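Remarks on the overall topology
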Amino acid sequence: MLALDLKRVAAFVREADTEELLDRVTVYRVGMEPVALDLMEAELDRRGVTRSDIADHHIERRQRAILLPDGSALRCNFCVRPAVVRRWGWHRAFGVLPVFPLVFARCEKHEK
Ligand SMILES: [Zn+2]
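Residues numbered from 1 in each chain as written. Predicted model: local features only at pLDDT ≥ 70, side-chain atom pairs only at ≥ 80, totals over all residues.

We now examine the overall build of the protein. The secondary structure content of the protein amounts to four helices and two strands. In sequence order, the secondary structure elements of the protein are arranged as α-α-α-α-β-β. Principal-axis analysis of the C-alpha atoms places the extent of the protein at approximately 45 × 30 × 25 Å. Within the span of the protein, comprising 112 residues, buried residues form 18% of the whole. Restricting the contact set of the protein to residue pairs at least 6 apart, pairs at least 24 apart contribute 51%. (Helix = DSSP H or I, 4+ residues; strand = E, 2+ residues; numbered from the N terminus. Buried ≥ 20, exposed ≤ 12 C-beta atoms within 10 Å, placed from the backbone. Contact = placed C-beta atoms within 7 Å.)

What follows deals with the packing of helix α1 (residues 6-15) against helix α3 (residues 34-46). Two quantities define a packed helix pair, namely the angle between the axes and the distance from one axis to the other. It is at 10 Å that the axes of α1 and α3 come closest, and there the two elements cross at 30°. Here α1 lies roughly parallel to α3, going by the angle between them. Seen from above, α1 lies across α3 with right-handed handedness. Residues Leu6, Val9, Ala10, Val13 and Arg14 of α1 form the contact with α3, whose own contacting residues are Val35, Ala36, Leu39, Met40 and Glu43. For the contact of α1 with α3, a count of residues per class yields eight nonpolar, no polar and two charged. (Axes fitted to C-alpha atoms, helices over the stretch in contact; angles between N-to-C directions. Parallel < 35°, antiparallel > 145°, perpendicular 65-115°, else oblique. Left-handed = near helix turned anticlockwise from the far one by under 90°. Nonpolar A, V, L, I, M, F, W, Y, C, P; charged D, E, K, R; others polar.)

Turning our eyes to something else, we now look at the environment of Glu33. Mapped onto the secondary structure, Glu33 falls in the loop between α2 (18-25) and α3. According to the C-beta neighbour criterion, Glu33 is exposed, with 12 such atoms within 10 Å. Residues Glu33 and Ala93, 60 residues apart in the sequence, show an inter-C-alpha distance of 35 Å.

What follows covers the nonpolar core. Core analysis: the largest hydrophobic core is formed by seven residues, namely Val27, Ala65, Ala73, Cys76, Ala83, Val84 and Cys107. Look past the residues within four positions of Ala65 in its chain and what remains in contact with it is Val27, Ala73, Pro82, Ala83 and Val84. Counting residues in hydrophobic clusters, the runner-up holds six residues, among them Leu21, Leu22, Val25 and Met40. (Core = buried A, V, L, I, M, F, W, Y, C linked by C-beta atoms within 7 Å.)

As a further point, take the packing of α2 against α3. Between α2 and α3, the shortest axis-to-axis distance is 10 Å and the interhelical angle comes to 135°. One finds that α2 runs oblique with respect to α3. The chirality of how α2 crosses α3 is left-handed. Residues Leu21, Leu22, Arg24 and Val25 of α2 pack against Leu37, Met40, Glu41, Glu43 and Leu44 of α3.

When its domains are assigned, the protein resolves into domain 1 (1-68) and domain 2 (74-112). Between domain 1 and domain 2, the residue contacts involve eight residues of the former and eight residues of the latter. Those elements that place two or more of their residues in the side of domain 1 that touches domain 2 are α2 and α4 (51-64). Looking at the side of domain 1 that touches domain 2, its residues break down into four nonpolar, no polar and four charged. (Domains from an automatic or database assignment.)

Below you can see the structure in the form of structure tokens.
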């Protein structure tokens, strides 16, 4: 396993949206490095997000997110949010020409 670049993780955590950090410590927790989780939880704490806010976020996500067998959430194909639907769409070459149909996982923002 590659050594975890703590500086890089710390920089990411400082810049990340609160929503993204909340997703990472809940539905994306499986497979996350314990050190990275500590950093994220410390950052959420610094931003005034409580344990109960985190638990609420987890409950809310689990109600809509598509969960994988390991308990983590399926990720949207277009961003880092958890996907809520899977739908057929066209894979487009250069973003224009439809090439072949694919199932895309979409979050609440990319559902439409
Ligand atoms: Zn999305």
